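# Analysis of the macromolecular model
If you want the building blocks of each chain, they are given just below.
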Amino acid sequence: MKVKKYQAGTIHDAVNLVKQELGPEALILSTRKMRAGKGAPSYKAQESFEIAAMPSPSSTGRALTDERDHGFLDSLKSELMSIKEMIFLLSRSGRLEEGFRLNPGAIEVYGRLIRSGIAEPYAQLLLENGGAFKENGELPSKDLHERVFKEVMKVIEVTDPFSHDQGQVISALIGPTGVGKTTTIAKLAANLSLKQKKSVGLISIDNYRIAAVDQLKIYAGILGIPCFAALNGAELEFALSRMKEKDVILMDTAGHGHYDVERIEGLRELIGNYLFSRRSRRLRQSSPGYDGRKGCFGEVGPVRSHLVLSAVTNELETERAAKNFGRLDFSSYIFTKTDETQARGVIINQLFKLRMPISFVTTGQRVPEDIFKATKTGILRLLFN
Ligand SMILES: Nc1nc2c(ncn2[C@@H]2O[C@H](COP(=O)(O)OP(=O)(O)OP(=O)(O)O)[C@@H](O)[C@H]2O)c(=O)[nH]1
Ligand SMILES: [Mg+2]
C-alpha cells in the first residue's frame, strides 16, 4: 500500500488535496506542521502542513485475500482516521481550529476521543488540559496520546464499597428500570461469597413486580444464601435484624423511570433512615436516634446506595437519572451493558457532569463472570481499546 504526502498552506487545503486525489475513504497516517524554509515548499504562508495518507484498500481494487488482511485493516482503521472523518472533525472543531493549526497531530487524538463517545466539549477540554495547544509545543502524537489519556484518568475516581473493614457493609443498588440491578446483585453476591468467602444476604425491596423477588430468590438459592422480601418499613427492619451477622447485605430495589420522582421518593421513605447521607448529615445531627458516627439512624446501617447506569443510555438521560436518583444520596456509579456499545464515553461524560467514584463495571449477561471492579486503567482500556 503506497503512502503519499500532501503539503499545503492550511490543514484544510491539505485535506482537500488528499480528498481530491485519494477520495473520501483515504486513510490518514499522520499530520504535521512544517516551518517555512525547512524542506517545505515556498508557500505564501509562513508555515505549511503535511498529511501522509494512503488510498483505502477497498478502493484500490486489491482484494483482501485472507483473514490476516482483514485483521490488519481493522486494527489499522481503528488507529487511523479516514478523510471523511477528518473533514467532519475539522468542520465541527470551532474554536479548536487555531489549536489544530498549531498542532495538527492533535486532530488524531481528538478523533480518538470523539470515536470513544466522549462529547465534544469534554474532548476539547481534555486536549487542552493535555497541553495540545500550547503555543510552543507541537507534541509527537504518541506523547500527546499519553498526556490526554492521563487527563482522562484524572477524571476517573474509583472505589470498592466492600474493601473496607468497618463491620457490616450494606449496599442498595438503585437506578432506572432494566439497567441490570438484579443481575449485578447476583454477580456481586456470587463473587463476594464464593471468591472472597464473605457471608452475604440479600433483600429485595421491589414492591412493583411480583417476579422481581423470585428472580433474586433463584440466585440466592443457587448460592445458598438467605433472601428476604421487604415491601414496607417493618419488613425491612425485620430482614436487616435477621441478617445482622452477615458481612455484606445487598439490597435490590425496584427500577424506577428516572422521571418518576414520586416513586423515587417512595423508595427514599423506605430506606431513607438507614441511608448514609453526606448531604443531609449536618441536618440530621440533632435528630433523635441519629448516630453521627455511622451517619444513619437506628442500630443497623448505614446503607450506602449505588447508582446503576447503562452505558447504552444517552448522555442526557444518564444525567437526568443521576440528578433524580441523587435524592437517594448514592455513593458510587455502577456502569452496566458496556458490551452493548463501543462508544462508552458516556461514562466520562457523566463524570464531567457529576463527579462520583465508579465501583463496578459490567460487561455482559453472564453471572457471575461479566463484572469487574473499577480501576482507572480498566476503564481507560474499555474506552480506547
Ligand atoms: N448485555 C448485557 N446485558 C445485561 C448486563 N447486565 C444485565 N443485563 C441484562 O439486562 C436485562 C435486565 O436485567 P435486570 O438485572 O433484570 O435489570 P433490573 O435493573 O434489575 O431491571 P428492573 O428490576 O426491571 O428495573 C437482563 O436481560 C440482563 O441479562 C450487561 O452487563 N450486559
Ligand atoms: Mg430488578
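This structure is a prediction, so every number in the text was calculated from the model and none was measured.

Helices and strands together make up the secondary structure of the protein chain, namely 15 helices and 14 strands. With 385 residues in all, the protein chain has 39% of them scored as buried. Pairs at least 24 apart in sequence give 73% of the contacts found in the protein chain among residues at least 6 apart.

Spatial ordering of the open sheet is given by β7-β6-β8-β5-β11-β12-β13-β14, a layout of eight strands whose pairing is mixed. On the outer flanks of this sheet lie β7 (227-229) and β14 (371-373), each paired with one strand and no other. Across this sheet, the average inter-strand angle for adjacent strands is 20 degrees, counted without regard to direction. In this sheet, strand β13 (residues 358-362) lies alongside strand β12 (residues 332-336) in parallel orientation, the contact comprising three bridges. Within β13, the position partnered with F335 by the bridge is V361.

Contact geometry for helix α13 (residues 315-325) and helix α14 (residues 346-353): axes closest at 10 Å, N-to-C directions at 45 degrees. With respect to each other, α13 and α14 are oriented oblique. Crossing angle aside, the handedness with which α13 passes α14 is right-handed. Two secondary-structure elements touch here, α13 through E315, T318, E319 and A322 and α14 through V346, N349, Q350 and K353. Residue composition of the contact of α13 with α14, grouped by class: two nonpolar, three polar and three charged.

A few words now on the packing of helix α5 (residues 106-115) against helix α6 (residues 120-129). Interaxial distance between α5 and α6 falls to 10 Å at its minimum, and their mutual angle equals 140 degrees. One way to sum up the angle between α5 and α6 is to call them oblique. Crossing angle aside, the handedness with which α5 passes α6 is right-handed. Residue-level contacts link A106, V109, Y110, L113 and I114 of α5 to E120, A123, L126 and L127 of α6.

The local shell around ligand 1 holds 18 residues, among which G180, T182, T183, G255 and T362 are the closest. By residue number, the principal contributor to the shell around ligand 1 is helix α8 (residues 181-195), which donates three residues. By residue class, the composition of the shell around ligand 1 is two nonpolar, eleven polar and five charged.

We now examine the environment of L380. Mapped onto the elements, L380 comes out in helix α15 (residues 376-384). A tally of 17 C-beta atoms within 10 Å means that L380 is categorised as partly exposed. Sequence separation between L380 and V152 is 228 residues, and the spatial gap between their C-alpha atoms is 7.7 Å. Not counting the four nearest positions on each side in its chain, L380 is found in contact with F149, V152 and M153.

Below, the discussion takes up helix α11 (residues 261-271). Burial in α11 covers these residues: I264, L267 and I271. An end-on view of α11 places all buried positions within 55 degrees of arc, on one side of the element. Opposite the buried face of α11, at more than 90 degrees from it, the exposed residues are E262 and E269. Buried residues along α11 sit against β5 (169-174), β8 (248-253), β11 (303-310) and α13.

Moving on: the nonpolar core. Formed by 95 residues in total, the largest nonpolar core has its most connected members in V18, A189, L202 and L250. When neighbours within four sequence positions are excluded, L202 is seen to be in contact with I185, A189, L216, A220, I225, P226, C227, L250 and D252.

Those residues of helix α10 (residues 233-242) lying buried are L236, A239 and L240. Buried residues of α10, seen end-on, are gathered within an arc of 95 degrees and therefore sit on one face of the element. Exposed residues lying more than 90 degrees from the buried face of α10 are A234 and S241. Contacts from the buried residues of α10 go to β6 (200-205), β7, β8 and α11.

Here L89 lies in helix α3 (residues 83-92). For L89, a count of 20 C-beta atoms within 10 Å puts it in the buried group. For the pair L89 and E120, spaced 31 residues apart in sequence, the C-alpha to C-alpha distance is 9.8 Å. Apart from the residues lying within four places of it in its own chain, the contact partners of L89 are I107, Y110, G111 and I114.

Here the amide bond leading from V367 into P368 is cis, since omega sits at 5 degrees, within 30 degrees of zero. For P368, the location among the structural elements is in the loop between β13 and β14. One non-glycine residue, K197, lies in positive phi territory at about 55 degrees. On the basis of neighbour count, K197 is assigned to the exposed category, with 8 C-beta atoms found within 10 Å. Look at D329: it is not a glycine, yet its phi comes out positive at around 45 degrees. With respect to the helices, strands and loops of the structure, D329 is situated in the loop between α13 and β12. A tally of 22 C-beta atoms within 10 Å means that D329 is categorised as buried.

Conventions we followed
- Residues numbered from 1 in each chain as written.
- Chains lettered and ligands numbered in written order.
- Predicted model: local features only at pLDDT ≥ 70, side-chain atom pairs only at ≥ 80, totals over all residues.
- Helix = DSSP H or I, 4+ residues; strand = E, 2+ residues; numbered from the N terminus.
- Buried ≥ 20, exposed ≤ 12 C-beta atoms within 10 Å, placed from the backbone.
- Contact = placed C-beta atoms within 7 Å.
- Pairing = 2+ DSSP bridges.
- Axes fitted to C-alpha atoms, helices over the stretch in contact; angles between N-to-C directions.
- Parallel < 35°, antiparallel > 145°, perpendicular 65-115°, else oblique.
- Left-handed = near helix turned anticlockwise from the far one by under 90°.
- Nonpolar A, V, L, I, M, F, W, Y, C, P; charged D, E, K, R; others polar.
- Near = placed C-beta within 6 Å.
- Arc of directions from axis to C-beta.
- Core = buried A, V, L, I, M, F, W, Y, C linked by C-beta atoms within 7 Å.

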